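# Per-entry structural report
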Amino acid sequence: MAVVSNLCFGGDTAPEDAVIERILTYITRKTSSQGLSASERLQTKQMTVFDDLVDPTPVVRSFLLKLLIHKSDDHVQQHLEGFLEQAEKLRYQQTLNSGILQFIVMVTQCLEDQLHETAAMKDFDNEMKMATKSLSIAYQYIESANIDMVKLRNIANARFGLMTVAKYLHMLVIEESIMKSSVFTKMLSQARDLIEIENFDWPKKFLLKQLCREFGTDSYHRICQSGKTPWLSIEEPTEKVKECPDRYVVCSLHYQKIRDMVAKTLLGEDVTHLESIMTEMASPLNQMHLILAIHHEVTLKYVQPDVQQDQALAKAVENLDIFADSTESISNIDLHKLLQNRFGQRTHLLNFQPGQSLRDQSILCMLFHFSLVLRNCQKKKNFLHPLITMATNPALFTDTLLPTMPQDDVEKMKQVILENIEKDHQWKNVVVYRCPNGHPYFIIDCGRPTTDGRCLDCGLRVGGVGNKLADGNVEDPGIDQTKTGHILGDANQRPNISTSERKLSGQACTLLRLLTHAALLLGCDVNSRAVSSMVQPVVQDVSQFFWNHIQKDIDQLHRCVGKSVDDVFLIIHFIFHQISDGTRGVDTPQNPVTLSTKEERENWEVEFTSTFISPVLQDLDNLLQMLNDKIIKDDRFGQDKLLNILYEVDTTHGQSIENLHNIPDVWRYRSRITLDHFLREFQLQMENAKKKNCNLVLRLFQSENYYLQAMQYIPSILTLQHHLMLRYRRRLDRSEAYKITIKDIIKTESHSVNMQELFDDFAAAWECVKEKLLDYGCWSLHGGLVRLPQEFRNVKITPDSQLAILLPSTTGPGLCSYILLEFLLRKHNEFLDRYCAVTQQSGVPEVPVKDLKANHLVCYHPDKDLLPLVLANCNYSFKLGEGTKVEYDFDGFEHQLKERLLQAKSKVHQQSGIIPLETMLYRADTASALVFETLRNKVKQEALSPTVRLQVSAELRASLPDICDSIDNLDIAVCFLKSLGDDGSQSLQQFMTDVLKMKQTIASQKARQMCRFKHVQSLWLLLNLEKSQVLATHNQDAFDNLGPDMRKKLSDAQTNSLVRFCRHQILNKLEFVLQEIFDCILLRIAQPQAHYDEDTRDQKDMSLRDIMLGNIDSPLYDLDSVEKSVMEDITDFPDDIKGSQATEAWLTVYKEIEDMRRQTL
């Protein structure tokens, strides 16, 4: 398949007609039959490319047909039209009708897949617009009687459109991840039109199946209850609450018999029938089945709002109470309390509530089943002791290592390193250190730091130079820091993707973690204080805390196994049944398992998983088919309209293909073959593989796929940043970037590049990795260690967001763009390092960021680039009404992956461990500290005399526009001067008018007369001081170009001490202090610090008084006598005010000066 794909379809143009015709012979065949010529195509090709074999794998035909549709749609359409014309002549031949229908379904699916692949390239709005158009076309033509390509496209359009509607309905109502828009409303309206076609209910059934099979029946019911889609409901409106399906049927047929007898008791039959059947089937397992039946048939009724007025239920409960009195304790459960919905004695969350959602009902049924299993596993109680104790006597487990919790593996990692070192017969020393956040790292050889780097967990600086540790790093004391109890924090802090621990895969770990949380929630009803003592950090409501974690576990399982939430609950109930099944034994230890050591916990996790979880995950599809068959065969099944639709009990038998749009097989639910499906299957197979060292490249790819998919956006991000900085560099103030929205730029800039597409790629990359950026830090060349500002963590970036977010910077909103790109590039480098280690390559070339192209990167689109490889390495058997079974060639995929995606890639060049990224230069930055440092090296600077400063201020103070224009013009001059340099005595005005040809220069006549090159810095500071004073006078932001790290508030005590200082100064000296603070803000404190310079200290953390004294000790130009006399007064400036509070200090001093000026009038 890969050869055909590359050689025949690799270019941009379609293959020649002869090649197309030859490939089509593998899809349909020519034959002869009575009444038709030999040249007419009457039969579909058998499931093989060979005439002498019958192979039930249509993947060859399906894949070739997809390639043909992509590259030569018109030619293929003509060919298929001819075939379908002949198919109409065969519709009365029953022996051929099934094969033709199968072929039609395959063609329809290929057309549908083509629509999905096109939609995958679009943003939300455009995908919804595409779905709206597809639904509109289907609405107009789907009922046509002809069997032709138009008919098949209409069905494909309808299926694609309805699948898209299901996706966005779930996102809007359940996930609340999108906002309702006119585009969404129009799409929904078009779907309603299609669904409400008279005597045509298949689109509605298909949409229901899509919602429930992808997201769960609870999602469907909540959408119906939201009021947004009343036309979607299949039942009449009622006040009766929908009850969750009976998933206890996965246990056995004995359960169903007992449940039906309990149901008859509810209908008025005598309880003696129940007593007799329990006598006939006396066993602990059947006793447990009875309790489960009562829980579902009686206790579940308490979700109904009028349960107290249900006289029939009250009578049945009375009879069952009598039965309970005459029966010994069954399964350690108080039947009286169960009948009264009081299973949870102290924890109300364990009891049903009126109006409860289907999902919450399902969780309660799961918890109740688990509770029964733990109470009635006598033969396995020693092995299950950890879970049993957490649920029934948690006080014994308060200081124990809980399953699936993270641990400190430093010592184990150290031993592994030592073993490898000993094999090399070189260094035999490993010293463990910890970064400022406590994450471990190792130094071998002498064990002392000789270079620095970044922590792989949090990005903070690690190591050091000259045998001196970096700040905050410490040597590990050698004490195991593994914590007991529950240490995952709040559920909302956990990632959406499953994580692995120790030898547990992500899927197995999530399942076992769910059981742990369930046991702890059950334990809350026994001793909530003991359970609460296990949780670190302390929480207020421990029951709700674990309820939230169970919800999170279910969401993670839904994602990692790729099944609906309903299927997840079925899997969990089946695992409970396996635990309670006496035939599934374990090597029961003589003493209870206590999980007192890390080794004991790890061994127990492995044995529990291999016994009860791995067998379930190994053959998940067949297992779910078997469990769903049990539900279908349940007598209750026929009473539920929704379940009849979901399990597709309709048959095609006897229906003619001329009525194609009403044939059930055309509307079957199917799981599309995708990259995610392929990787899930690979993970399941690898978990059970005997050889653990096989498919190492594919294992690496699978583990990093989540991030690798985001790397496809790196070229777009680089293009977007480059274009915006080229357009706005030195032309934009930070305050303007904060006010302009992204949609404003998209409107004005799209003439040169597709800004909408570039922004969509940026937003998609952000959504992929934003959770990983919450605690991520990275080093920049001049900004030191940077992290996302709190207000931008996990934020959604939309066209209404401020432009500053897209402009990379090491401060403020621009950190979003800077850190996003740095994170993706670093992930790319780390992946290539690991790939080289796995394949034993010596290394790969490096390229600077500015020369980076898409061909250097491991970037791909899952549908466009990798789906052909997936299809080329899969085989699936397909039967109408029985679905699809897929098998993959993982070795073949890995080989093609290395050839097509991973060869000839390059790492991004780093400088001292830092990826040097270009940052935005705002207008104010063009004349900031670094710029003036360069200028002073070219032209020695002197201060303007006090007299000139006063005159310039007097001329400018009344006009803010004049001041701003003067600053802008001076910025331009500074940019040239810092590069040219010259004699400091030359006239600035003459340079600006004669050399730079500027019509407007400085608004002050005195400045134009007196200022020379040597006065540029002093004039620039004076103009900016005047601007800030005017803004402050009018209660506007005087420092709109500075980030939040420079604008920290003063405490009340600091403000009071600063006011006292001001009131002990005379006006002219205080005005100098104001100027001095201002100079320090712009030329000292705001100057970026080089992290690799150990002698440099970030002045934002220093005392403002010390900064001012240092500024006077090492002046930027000579001081006059008045200024020197103020030095003694500055020593009295409050020393507890930091550089990061300098702007607030300046505003306070300015306010005091204004008060003094008013008093002298």
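What counts and what doesn't
- Residues numbered from 1 in each chain as written.
- Predicted model: local features only at pLDDT ≥ 70, side-chain atom pairs only at ≥ 80, totals over all residues.
- Heavy atoms only, no water.
- Helix = DSSP H or I, 4+ residues; strand = E, 2+ residues; numbered from the N terminus.
- Contact = heavy atoms within 4.5 Å.
- Areas by Shrake-Rupley, 256 points an atom, 1.4 Å probe, with all protein chains shown as cover.
- Buried < 20%, exposed > 50% of the residue type's maximum accessible area, 1.4 Å probe, protein only.
- Pairing = 2+ DSSP bridges.

### Here's the deal with the overall build of the protein chain
Helix and strand counts for the protein chain come out as 45 helices and 14 strands. Within the protein chain, contacts between residues separated by at least 24 positions form 74% of all contacts whose residues are at least 6 apart in sequence. Surface summary for the protein chain: the accessible area is close to 52,000 Å², and the carbon and sulfur share equals 48%.

### Quick word on the pairing of strand E6 (residues 461-465)
Taken residue by residue, a regular strand's side chains alternate between the two faces of the sheet. Across the 5 residues of E6, 4 count as buried, placing the element largely inside the fold. Here 3 bridges tie strand E5 (residues 452-454) to E6, and the two strands are oriented antiparallel to one another. In the strand pairing of E6, Gly-453 is matched with Val-462. Pairing of E6 with strand E7 (residues 468-469), which is carried by 2 bridges, proceeds in the antiparallel orientation. Its bridge partner lying in E7, Val-465 is registered against Lys-468. Between E6 and E7, which pair antiparallel one after the other, the connecting turn spans 2 residues, and Gly-466 there sits at a positive phi close to 60°.

### Focus: the sheet that holds E5
Ordered by their spatial adjacency, 3 strands build an open sheet running E5-E6-E7, and the pairing between neighbours is antiparallel. Each end of this open sheet is capped by a strand with a single partner; those strands are E5 and E7.

### As for the environment of Met-725
Within the secondary structure, Met-725 is located in helix H27 (residues 714-728). Overall, Met-725 belongs to the buried group, its relative accessible area being 3%. Remark: the alpha-carbon pair of Met-725 and Pro-808, spanning 83 residues in sequence, is separated by 8.7 Å. Setting aside chain neighbours within four positions, we find Met-725 in contact with Pro-808, Glu-918, Thr-919 and Met-920.

### Quick look at the environment of Leu-980
Position of Leu-980 among the secondary structure elements: in helix H36 (residues 960-980). The class for Leu-980 is exposed, based on a relative accessible area of 56%. A sequence separation of 45 residues divides Leu-980 from Leu-935, and the C-alpha atoms of the two residues are 9.2 Å apart.

### Observations concerning unusual backbone geometry
The omega angle of the peptide bond from Gln-536 to Pro-537 is -5°, so this bond is cis rather than trans. Along the chain, Pro-537 falls in the loop between helix H19 (506-534) and helix H20 (542-561). Despite not being glycine, Asn-199 has its phi angle at roughly 60°, a positive value. Within the element layout of this structure, Asn-199 appears in the loop between helix H8 (182-195) and helix H9 (202-215). With a phi close to 55°, Leu-595 is a non-glycine residue in the positive phi region. In this fold, Leu-595 is placed in the loop between helix H21 (565-580) and helix H22 (598-618).

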